[in-house]
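# Notes for the structure review
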Amino acid sequence: MTEPKHLFIPGPTNVPDRIRRAMNLAMEDMRASDFPELVMPLFADLKRVFGTETGQVFIYPSSGTGAWEAALTNTLSPGDKVINASLGQFSMLWGKMCRDLRLDVEDWEIDWGEAFPLERLAERLAADKAHEIKAVLVCHNETATGVTSDVAGVRRVLDAAGHPALLAVDGVSSVAAIEFRMDDWGVDLAVTGSQKGLMLPTGLGIIAVSEKAMAATKTAGLTRSYFDFAWQASANASGYFPYTPATLLLRGLRESLDMLFEEGLEAVHARHHRLGRAVRAAVDAWGLACCARRPEIASDTVTAIMVPDHIDAGAVIRTAYTKYNTSFGAGLTKVAGRLFRIGHLGKMDEVKIMSGLAAAEMAMLDSGIAIQPGSGVAAAMTALGVGAAAATDRSAGLAA
Ligand SMILES: *Cc1c(COP(=O)(O)O)cnc(C)c1O
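Small disclaimer: the values here were computed from a predicted structure and weren't measured.

### Comments concerning unusual backbone geometry
- The omega angle of the peptide bond from Gly-11 to Pro-12 is 0°, so this bond is cis rather than trans.
- Tracing the chain through its elements places Pro-12 in the loop between β1 (6–8) and α1 (17–22).
- We note that Ala-176 has phi near 75°; this positive angle belongs to a residue other than glycine.
- Relative to the helices and strands, Ala-176 resides in the loop between β8 (166–170) and β9 (189–193).
- A positive phi angle, near 65°, is found at Met-199, a position not held by glycine.
- Mapped onto the elements, Met-199 comes out in the loop between β9 and β10 (205–209).
- Looking at Met-199, the relative accessible area reads 5%, which means it is buried.

### Here's the deal with the packing of helix α9 (residues 247–263) against helix α10 (residues 265–286)
- Following both chains from N to C, one finds α9 and α10 inclined at 85°, their axes separated by 5 Å at the closest point. Classified by the angle between their axes, α9 and α10 sit roughly perpendicular to one another. Residues Leu-260, Phe-261 and Glu-263 of α9 form the contact with α10, whose own contacting residues are Leu-265, Ala-267, Val-268 and Arg-271.

### Focus: the packing of aromatic side chains
- Summed over the entire model, instances satisfying the criterion amount to twelve aromatic pairs.
- Aromatic rings pair up to connect Tyr-60, Tyr-226, Phe-227, Trp-231 and Tyr-243 into one cluster.
- A cation sits over an aromatic face here: Lys-5 above Tyr-321, 4.6 Å from the ring centre.
- The ring of Phe-261 has Arg-48 lying over it, and the distance from NZ or CZ to the ring centre is 3.7 Å.

### Topic: the pairing of β8
- Burial within β8 is extensive, with five of its five residues counted as buried.
- Taking every second residue as pointing to the same face, both faces of β8 are buried, with Leu-166, Ala-168 and Asp-170 on one and Leu-167 and Val-169 on the other.
- Strand direction decides the pairing type here: strand β5 (residues 133–139) and β8, joined by five bridges, are parallel. Counted as the bridge partner of Val-136 is Leu-167 from β8.
- Looking at chain direction, β8 and β9 are connected through three bridges and run parallel. Paired with Asp-170 across the strands is Val-191, a residue of β9.

### So, the domain arrangement of the protein chain
- On domain assignment, one finds that the protein chain holds domain 1 (6–10 + 264–386) and domain 2 (18–262).
- Relative placement of domain 1 and domain 2: their C-alpha centres are 28 Å apart.
- Across the boundary between the two partners, domain 1 contributes 26 residues, which contact 29 residues of domain 2.
- Roughly 2200 Å² is buried in total at the junction of domain 1 and domain 2, and carbon and sulfur atoms are behind 59% of that figure.

### Observations regarding the nonpolar core
- By size, the foremost hydrophobic cluster in this structure holds 57 residues, and its most contacted members are Ile-59, Phe-116, Val-136, Phe-180, Val-187 and Leu-253.
- In terms of residues, this core owes the most to one element, helix α2 (residues 35–50), which gives eight residues.
- Every residue in contact with Ile-59, bar those within four places of it in the chain, is listed here: Leu-42, Phe-43, Leu-46, Leu-204, Gly-205, Ile-206, Gln-232, Phe-241, Leu-250 and Leu-253.
- With 32 residues, the next largest nonpolar core counts Leu-72, Met-97, Cys-98 and Leu-222 among its residues.

### Section: the sheet that holds strand β12 (residues 302–306)
- Across the sheet, which stays open at both edges, the five strands sit in the order β1-β13-β14-β12-β11 with mixed pairing between neighbours. The outermost strands of the open sheet, each flanked by one partner alone, are β1 and β11 (289–290).
- Pairing of β1 with strand β13 (residues 326–330), which is carried by three bridges, proceeds in the parallel orientation. The residue of β13 that forms the bridge with Leu-7 is Ser-327.
- Contacts from α10 reach β11, β12 and β14 (339–343) within the one sheet, and its direction differs from that of β12 by about 10°.
- Packing against the sheet, helix α11 (residues 313–324) makes contact with β1, β13 and β14, and its axis sits at approximately 160° to β13.

### Focus: the site of the ligand
- Among the 13 residues in the neighbourhood of the ligand, the closest are listed as Ser-63, Thr-65, Thr-143, Asp-170 and Lys-196.
- Gly-64 is positioned such that a nitrogen or oxygen atom in its backbone is 2.8 Å from an oxygen atom of the ligand.
- A distance of 2.4 Å is found between an oxygen atom of the ligand and a side-chain nitrogen or oxygen belonging to Thr-143.
- Here the ligand, which alone exposes 380 Å², has 89% of that area covered by the protein.
- With three residues, helix α3 (residues 64–75) is the single largest residue contributor to the shell around the ligand.
- A class-by-class count of the residues in the shell around the ligand yields four nonpolar, seven polar and two charged.

### Remarks on the side chain of Ser-367
- Mapped onto the elements, Ser-367 comes out in the loop between α12 (350–366) and α13 (375–383).
- According to the relative accessible area criterion, Ser-367 is buried, its value standing at 17%.
- Reaching out from Ser-367, the side chain makes a polar contact with the backbone oxygen of Ala-363 at a distance of 2.6 Å.
- In this structure, Ser-367 is in contact with Ile-311, Ala-315, Val-316 and Thr-319, ignoring residues within four places of it in sequence.

Calculation criteria
Residues numbered from 1 in each chain as written. Predicted model: local features only at pLDDT ≥ 70, side-chain atom pairs only at ≥ 80, totals over all residues. Heavy atoms only, no water. Helix = DSSP H or I, 4+ residues; strand = E, 2+ residues; numbered from the N terminus. Buried < 20%, exposed > 50% of the residue type's maximum accessible area, 1.4 Å probe, protein only. Axes fitted to C-alpha atoms, helices over the stretch in contact; angles between N-to-C directions. Parallel < 35°, antiparallel > 145°, perpendicular 65-115°, else oblique. Contact = heavy atoms within 4.5 Å. Phe/Tyr/Trp six-rings, centres within 6.5 Å; stacked < 30°, edge-to-face > 60°. Lys NZ or Arg CZ within 6 Å of the ring centre and 35° of its normal. Pairing = 2+ DSSP bridges. Domains from an automatic or database assignment. Buried area = accessible area lost by both parts, 1.4 Å probe. Core = buried A, V, L, I, M, F, W, Y, C linked by side-chain atoms within 4.5 Å. Near = heavy atom within 4 Å. Polar contact = N/O pair within 3.5 Å; in protein donor to acceptor, adjacent residues only side chain to side chain. Areas by Shrake-Rupley, 256 points an atom, 1.4 Å probe, with all protein chains shown as cover. Nonpolar A, V, L, I, M, F, W, Y, C, P; charged D, E, K, R; others polar.

Below, the structure written as structure tokens:
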């Protein structure tokens, strides 16, 4: 690979030049006296991104999957009952991890394309008078299907039932891209990774932990060592880590957080919403369907597009890659060959997403999908409000 490909996968996402330059550094001493000057503000600023004042953040040299494991092993005991809704590849894998760790996971098989089932949870919690359920796992943004679940709604259901279960949320493809309000939603464990909304290379597993979840660590009996919160916390208190941190990624994280705050978190969320809406307008115009069953649950960070029955989505992805140097995400396991995914999170703007939609059109046309050339691009432009200001100016001119 001499020239970079055009990357429209939902992670790793494009790394901005500013962040790449911020990481182009010599190795540094992670026990130096001034190292905490880098580290301490990272914890404080990540709390802003998670939307928590009372939570505690841990940063591991791992991928997001490591932070999944940290969430479970620090707060639960062998045989603990947990609820998981398998509604796509990632929620399915978190459920598998629960089984691997010998938790008693009640794994709900949900149609891929649906969101976390709030009514089913309400019924299940009402039946759990003895409070045997210790945790509810929610994948905020299921990257395999492009579906966003209602975490605030899960909190409402837990509260309505007066149920004390921990609320553990996978925010790997939502945090730093779409709204995440840990404190307001009463999230106890919020997991993310560096290579999605944070626009960094893979290599940091990040987790925010509520006071309630920190208290649960005292009695949690699952085996843990590398990911032990207490071990992290004792070193983090003075701005250090118990083992070698990924110093270049921490430097990159500093730059990433600066970029997010310069744009403003609300503006970042609004941008993702605007771009997500434009992609969905394109899908409509193509006459295709999103994997997400309803527009209200469609993700603003990734769109999974169903191809017509007689077409192999793998062919679209291969054509995009070989002919147009463009990477789209594939359908995973249950939906392999049935869909392709456009990632539109992180470093993404109007021009970039328009180019991705044009590439998708070209690859689909070459693969025998009978869409109208330019239709998606045109619909996305309209959804972005392109030309609307000029039209207003013209009518104002006429009125004058
Ligand atoms: C990418 C992703 C993961 C896995 O993260 P890794 O960094 O690949 O370990 C987990 N959950 C969701 C929702 C994801 O998008």
